[in-house]
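# Geometric and topological summary
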Amino acid sequence: MTTETGSGQMVRALSWKGAFWVAAGVPPLVLFSIGGIAGTTGKLAFVVWIISMVMGFLQSFTYAEMAGMFGNKSGGTSVYGATAWLRYGKLIAPLSVWCNWFAWSPVLSLGCVLAAGYILNALFPVPLAESQMVLDWVTANIANYTAQTESVVAYMAENAGTTVEAAIQAVATADGVTALTPAFRTWEAGTLVIPGLGTLYFNAFFVVGVALMLLILLIQERGIANTASAQKWIAIIVLVPLLLVGLVPILNGSINWMNVTNLVPPTAAYSGVDGEWNIGGWTLFLGGLYIAAWSTYGFETAVCYTRELKDPKTDTFRAIFYSGLLCMLFFFLIPFSFQGFYGVEGLLDTGIVDGSGVGAALGNMLNLGPVVTQIFVILMILALFLAIMTAMAGSSRTLYQGSRDGWLPKYLGTVNKHGAPRRAMWTDFAFNVFLLALASDVAGYFYVLAISNVGYILFNFLNLNAGWMHRIDSAHMERPWRAPTWLIGVNTVLAFVNLLFLGAGAKVWQAVGANPDAPPALWAGLVFAALIFPVFWFRHYVQDKGKFPKEAYEDLGLPYGEMGERKAGFLPYLALILGAGVVLWANWFFVLPA
């Protein structure tokens, strides 16, 4: 470890404030799924965000303790927790790291899809049906339509009772919008159907998204200090206006309290109709908690940079604690104000659900005119940049440390002259180019999100249990900050609560649209999680001949080649058995509304 660049090692160039600013990309994650969660849980949406955020904050104290134990490790809390499982099974430890990586990494592709949508809307807008240019086109071409025109006949068949004149007007207007839409907006090089997964779209969204990812990768090539500096200014520009959006509707009386009272689940996902607390309603509620965890727990990324902190003994706790407070502020305020202002019906608007209209909706909440609304559209792009940079910085370091500890291929375990894990970042980039093609439509977007969250819930389960396992097996190790024992116990219970969300909630987020035969998100996520086993086998048994790198033992204070005594006995295995039981029971018991 060094404080100088050009050494081929990670550089201790970060204070806790720098780690805090890198993690400041987490609050904008609320914008990724605010519409999806509202559609799933109805009026309960803001309650879902609050409950999920409180759980994430409590869980972070277990992670803060473990982070302080490993001042020479990078890659985040999954790496620190994985060391606890190492004694009890070589395959379990890399599973934790792998699940954390494939949970965080898709933020790159999902964020770039949303950002590409905003950029395309700005540079190549689709004309509105009521715009003057469309009206002029209709006036010039409406004489070409008659009652016998094929498209008019089809429209009348689909819309019984429509008059000929109304059908002609509707068809001509739709054709006008199509004719005046910029060609690049609808350009598509091709598609590729992957059986059992989905359809890859190589279109304008894909091209713009890849360009954005490359830009962010180049910024991060300069090292963590430069990344933190860029994040700081983007965060200030984005989060201050976002905070105003959360506060102003409450202060000026714009909240319609009917939108946040009578809290019951909807009759069905995206119905917008109040239902009741039956099995179907609880399933939708748990589905909301399942997908919200992907955003609200994310500030644990603040301890991904322990190896790059100037004083890891004090900075790790400060970084995650203050990042958690920041996230509590935004995850409490934004969903409440958004829902209170627009109501569930407003949140079910297509532009809110797919993310393309969130920026304009935020601007409208301040009621300061179209100029301010357009500014918020620009801020939305910056907010997405903030989240993407956070995800790339954290997920690439997880790959890096996984390689250093002997779980992932060796080529990932090097850094460039600035101390940035270049090969890990490029691997992240390549993986997300594939995901970008899959997520370039709304169905694929939410399917990628749901699958990645399977990994995130599994990682949290393993890591929260790692807290008490380290207390038993690694009691000899120094803990610069020690969590209260009762909180370690509470967080162990929350580990199983998270698996309840997984078993019940994942079935809410099924593949729809282009590939209705894709497997349920739960099973697709479990299959992807299992891919670590051949990857680890190659590294451990082919590259390392069955032994872990020397530094992996040193970090645990153990002699080379020795894993130490399993003081926890059968308890870790019992936790795994009970966890599997919770997932299977919840997946069987909870069903979607009829």
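A brief structural summary. Along every chain, residues carry numbers that run from 1 in the direction the sequence is written. For a predicted model such as this one, the threshold for reporting local features is a pLDDT of at least 70, and the threshold for listing and counting side-chain atom pairs is 80 or more; totals across whole chains, interfaces and linings nevertheless cover every residue. Side-chain figures throughout are based on the complete set of non-hydrogen atoms in the structure, without hydrogens or water.

## A look at the side chain of Asn-259
For the record, the criterion: Where helices and strands are cited, they refer to DSSP runs of H or I of at least four residues and of E of at least two residues respectively, numbered from the N terminus. Relative accessibility under 20% of the residue-type maximum defines a buried residue, over 50% an exposed one, and the middle range a partly exposed one, all with a 1.4 Å probe and only protein chains included. Any pair of residues with heavy atoms lying within 4.5 Å of one another is described as a contacting pair.
Structurally, the position occupied by Asn-259 is in the loop between α12 (224-251) and α13 (279-296). With a relative accessible area of 14%, Asn-259 lands in the buried category. Filtering out sequence-adjacent residues up to four positions away, Asn-259 remains in contact with Lys-43, Gln-339, Gly-340, Phe-341, Tyr-342 and Gly-343.

## So, the nonpolar core
The following threshold applies: Side-chain atoms within 4.5 Å are what join buried Ala, Val, Leu, Ile, Met, Phe, Trp, Tyr and Cys residues into a set we call a nonpolar core.
The biggest cluster of nonpolar side chains holds 182 residues, and the ones touching the most others in it are Phe-32, Tyr-290, Phe-338, Leu-362, Trp-407 and Leu-502. Once residues within four sequence positions are removed from consideration, Phe-32 is found in contact with Val-107, Leu-110, Gly-111, Leu-114, Trp-294, Leu-384, Ala-387 and Tyr-445. Val-138, Tyr-145, Ile-168 and Val-171 belong to the second-largest nonpolar core, a separate cluster that totals nine residues.

## Focus: empty space enclosed by the protein
Rolled over the atoms, a probe with the dimensions of a water molecule shows which regions are left empty. As a reminder of what qualifies: The distinction between a cavity and a pocket rests on a 1 Å grid over the protein atoms alone: a 1.4 Å probe fits inside a cavity but cannot get out, while a pocket stays open yet meets protein on both sides within 12 Å along at least five of seven lines, and a residue with an atom within 4 Å of a point counts as lining. Grid points are joined across faces, edges and corners, and a volume is the space filled by probe spheres set on the points. When residues are grouped by polarity, Ala, Val, Leu, Ile, Met, Phe, Trp, Tyr, Cys and Pro land in nonpolar, Asp, Glu, Lys and Arg in charged, and all others, Gly among them, in polar.
Under the definition given, this model contains three cavities of 30 Å³ or more. Considered as a void within the structure, the second largest cavity measures approximately 60 Å³ in volume. Along the walls of the second largest cavity sit Leu-31, Val-238, Pro-241, Leu-242, Leu-362, Phe-376, Leu-379, Met-380 and Ala-383, which together make up its complete lining. Contributing elements (two or more residues each) for the lining of the second largest cavity: α12 and α17 (370-404). Broken down by element, the lining of the second largest cavity gets its largest block of residues, four residues, from α17. Taken together, the residues of the lining of the second largest cavity sort by class into nine nonpolar, no polar and no charged.

## Details of the packing of helix α2 (residues 30-41) against helix α14 (residues 312-347)
The following threshold applies: Angles run from 0 to 180 degrees between N-to-C directions of axes, and those axes are lines fitted to C-alpha atoms, restricted for helices to the stretch in contact. When an angle is under 35 degrees it counts as roughly parallel; over 145 it counts as roughly antiparallel; between 65 and 115 it counts as roughly perpendicular; any other value is oblique. Should the near helix be turned counterclockwise from the far one by less than a right angle, the crossing is left-handed, whereas a clockwise turn marks it as right-handed.
Between α2 and α14, the shortest axis-to-axis distance is 11 Å and the interhelical angle comes to 40°. The angle between the axes of α2 and α14 places the two elements in the oblique class. As α2 packs across α14, the resulting crossing turns out to be right-handed. For the pair formed by α2 and α14, the contact residues are Val-30, Ile-34, Gly-35 and Ala-38 on the first element and Phe-331, Ile-334, Pro-335, Phe-338, Val-344 and Leu-347 on the second. Residues belonging to the contact of α2 with α14 are distributed by class as follows: nine nonpolar, one polar and no charged.

## A word on the environment of Leu-91
Tracing the backbone through its elements, the reader meets Leu-91 in the loop between α4 (77-85) and α5 (92-104). Residue classification places Leu-91 among the partly exposed positions, given a relative accessible area of 43%. Between the C-alpha atom of Leu-91 and that of Ile-532, which follows or precedes it by 441 residues, the distance is 8.4 Å.

## Points about the packing of α5 against helix α22 (residues 532-543)
Where α5 meets α22, the closest approach of the two axes is 10 Å, and the angle between their N-to-C directions is 120°. As far as their axial angle goes, α22 and α5 are oblique. Crossing handedness for the pair α5 and α22: right-handed. Facing Pro-94, Leu-95 and Trp-98 of α5, the residues of α22 in contact are Ile-532, Val-535 and Phe-536. The residue inventory of the contact of α5 with α22, partitioned by class, reads six nonpolar, no polar and no charged.

## Digging into the packing of aromatic side chains
What counts, and what does not: Only Phe, Tyr and Trp rings are paired, with Trp represented by its six-membered ring, and only when their centres lie within 6.5 Å; those with planes under 30 degrees apart are stacked, over 60 edge-to-face, the remainder tilted. By definition here, charges over rings are those cases where NZ of Lys or CZ of Arg is within 6 Å of the ring centre and within 35 degrees of the ring normal.
Summed over the entire model, instances satisfying the criterion amount to 40 aromatic pairs. Plain terms: the ring middles of Phe-20 and Trp-21 are 5.2 Å apart, the flat faces sit at 75° to each other, and that makes the pair edge-to-face. Overall, Trp-21 belongs to the partly exposed group, its relative accessible area being 21%. Taking 5.7 Å as the distance between ring centres and 15° as the angle between the ring planes, the aromatic pair formed by Trp-49 and Phe-331 counts as stacked. Of this pair, Trp-49 sits in helix α3 (residues 45-69) while Phe-331 sits in helix α14, placing them 282 residues apart in sequence. The pair formed by Trp-49 and Phe-331 is uniform in burial state, with each residue classed as buried. Members of the aromatic cluster, connected to one another through ring pairs, are Trp-16, Phe-20, Trp-21, Phe-57, Phe-61, Phe-317, Phe-321, Tyr-322 and Trp-481. In this structure, Lys-232 packs its charged tip against the face of Trp-233, placed 5.3 Å from the ring centre.

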